[in-house]
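# Fold and geometry: a report
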Amino acid sequence: MLEQSNHEVSTSIAKKISTTLILGLVFSALLLMLGNGGNISWFPPIVVFSLVGIALLSALLFPFIWHYLEHKQKMNSAKIYGFLYSGIRYTIAFNIASFGWKKFYGLQFIVPTEIASLPMNQQSGEWLTWFYFGHSQVFGIIIALIQIGGGYLLLFRRTLLIGTIILFALLVNLTLINVFYQMNTGALLQSVVLTIGVLFLILLEYKKLIVFFLKTKSNLPSLSFNSALVKNMVRLSAIVLSLLFTIYLKSLVK
């Protein structure tokens, strides 16, 4: 599944640690999501947090066990690596898609009437955020489709990179909202862990990204300048002139 030789996998304890740690984190986030804040009777918090503890402890210990058994030639490192890597992709896809389906079934962006009827300056950042996003059902569905579709793209090798880029942009935005609008701790942890997980998948393909974004020349038409200085000045003018125009508009406000 990964484009690495068995030798590279077998000599990289850093990859073993990072892979198992990321899987432990995203799997823990999935368990917390499934626990639904302690509202499921057959999956009480004591079970949820016990499993989270086991998952995190396993993530810390397994890489060293894996490394030891591999050097004793008692473990196929390539298969273990592929299994864990696939587990990360599946877990993230399941978790993100679940949040998408919740929006379809009215389990997110719902504000109680007694909260919604309060003046805006009496509401918390969390309720204001949910009220704002819940104001447009269509927008909520669009976000849900991105989450479900992006998660599905993670499950195929050919579409993995596209899915990670789409989801990373979405998750960074959600994380910033969760931080600066004082969302609850659970939502913040979910967005941070999922962002880290998706970033991990992106970094494994960083060579492809560098080639695509930085080394591939565009065939689109453009103006030709004999001087690189003039070309860069024209580029910079878009930023500077827009700033000056904004300053001018500000001066009109009294």
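Described in the following lines is the structure provided in the data block.

Thresholds, definitions, all that
Residues numbered from 1 in each chain as written. Predicted model: local features only at pLDDT ≥ 70, side-chain atom pairs only at ≥ 80, totals over all residues. Heavy atoms only, no water. Helix = DSSP H or I, 4+ residues; strand = E, 2+ residues; numbered from the N terminus. Rg over C-alpha atoms; globule rule 2.2 N^0.38 Å. Buried < 20%, exposed > 50% of the residue type's maximum accessible area, 1.4 Å probe, protein only. Contact = heavy atoms within 4.5 Å. Areas by Shrake-Rupley, 256 points an atom, 1.4 Å probe, with all protein chains shown as cover. Lys, Arg positive; Asp, Glu negative; His and termini not counted. Charge placed at Lys NZ, Arg CZ, Asp CG, Glu CD. Axes fitted to C-alpha atoms, helices over the stretch in contact; angles between N-to-C directions. Parallel < 35°, antiparallel > 145°, perpendicular 65-115°, else oblique. 1 Å grid on protein atoms, 1.4 Å probe; cavity = no way out; pocket = protein on both sides within 12 Å on 5 of 7 lines; lining within 4 Å. Points joined across faces, edges and corners; volume = space filled by probe spheres on them. Salt bridge = Lys/Arg side-chain N within 4 Å of Asp/Glu carboxyl O. Arc of directions from axis to C-beta. Left-handed = near helix turned anticlockwise from the far one by under 90°. Nonpolar A, V, L, I, M, F, W, Y, C, P; charged D, E, K, R; others polar. Core = buried A, V, L, I, M, F, W, Y, C linked by side-chain atoms within 4.5 Å.

Next up on the list: the overall build of the protein chain. When helices and strands are counted, the protein chain shows eleven helices and zero strands. The secondary structure elements of the protein chain, listed N-terminal to C-terminal, are α-α-α-α-α-α-α-α-α-α-α. Computed over C-alpha atoms, the radius of gyration of the protein chain comes to 23 Å, more than 25% over the 18 Å expected from 2.2 N^0.38 for 254 residues, which places it beyond the range of a compact globule. Its C-alpha atoms put the protein chain at 75 × 65 × 25 Å along the principal axes. Here the protein chain holds 254 residues, and the buried ones make up 33% of them. A separation of at least 24 residues holds for 68% of the contacts in the protein chain among residues at least 6 apart in sequence. As displayed, the protein chain offers around 17,000 Å² of accessible surface, 70% of which is attributable to carbon and sulfur atoms. Of the charged side chains in the protein chain, 18 are positive and 6 negative; the average position of the first set lies 10 Å away from that of the second.

One way to put it is that helix 3 (residues 45-71) packs onto helix 4 (residues 77-104) with a least axis distance of 11 Å and a crossing angle of 155 degrees. When the axis of helix 3 is compared with that of helix 4, the two are roughly antiparallel. Note on element contacts: helix 4 touches helix 3 through Ser-77, Ile-80, Tyr-81 and Leu-84, opposite Phe-62, Trp-66 and Glu-70.

Space inside the largest pocket adds up to approximately 960 Å³. Lining the largest pocket are 37 residues; nearest its centre among them are Phe-99, Gln-108, Gly-186, Ala-187 and Gln-190. Going through the elements one at a time, helix 2 (13-35), helix 3, helix 4, helix 6 (125-134), helix 7 (137-153), helix 8 (160-180) and helix 9 (185-203) are the ones with two or more residues in the lining of the largest pocket.

Time to look at the pattern of salt bridges. A complete count under the given rule lists two salt bridges for this structure. Lys-16 is paired through a salt bridge with Glu-70; the nearest N and O atoms lie 3.2 Å apart. Taken together, the residues span a long stretch of sequence, with Lys-16 in helix 2 and Glu-70 in helix 3 at a distance of 54 residues. Salt-bridge contacts for Glu-205 lead to Lys-208; the nearest nitrogen and oxygen are separated by 3.4 Å. Classification of Glu-205 by relative accessible area gives buried; the value is 17%. The exposure class of Lys-208 is partly exposed, given its relative accessible area of 42%.

Turning our attention to unusual backbone geometry. Even without a glycine there, the phi angle at Asn-36 is positive, about 55 degrees. Under the relative-accessibility criterion, Asn-36 is labelled partly exposed at 36%. Positive phi values are uncommon outside glycine, yet Phe-109 reaches one of about 65 degrees. Considering the arrangement of structural elements, one finds Phe-109 in the loop between helix 4 and helix 5 (113-116).

Attention now moves to helix 6. Every buried residue belonging to helix 6 is among Gly-125, Thr-129, Trp-130 and Phe-133, and all of these are buried. One side of helix 6 carries all its buried residues, which in axial view fall inside an arc of 130 degrees. Tucked into the core, helix 6 has its buried residues touching helix 7 and helix 8.

Turning our eyes to something else, we now look at the packing of helix 2 against helix 3. Helix 3 packs onto helix 2 with a crossing angle of 165 degrees between their chain directions and a minimal axis gap of 9 Å. Between helix 2 and helix 3, the interaxial angle falls into the category roughly antiparallel. The interaxial crossing formed by helix 2 with helix 3 has right-handed handedness. Here the contact of helix 2 with helix 3 is composed, by residue class, of 19 nonpolar, five polar and two charged.

Counting residues in hydrophobic clusters, the biggest one holds 24 residues, and the most contacted among them are Ile-88, Ile-92, Leu-154 and Leu-201. Those elements that place two or more of their residues in this core are helix 2, helix 4, helix 8 and helix 9. For this core, the element with the highest residue contribution is helix 4, accounting for seven residues. Residue contacts for Leu-154: discarding those within four places in its chain leaves Arg-89, Ile-92, Ala-93, Leu-160, Gly-163, Thr-164, Leu-167 and Leu-201.

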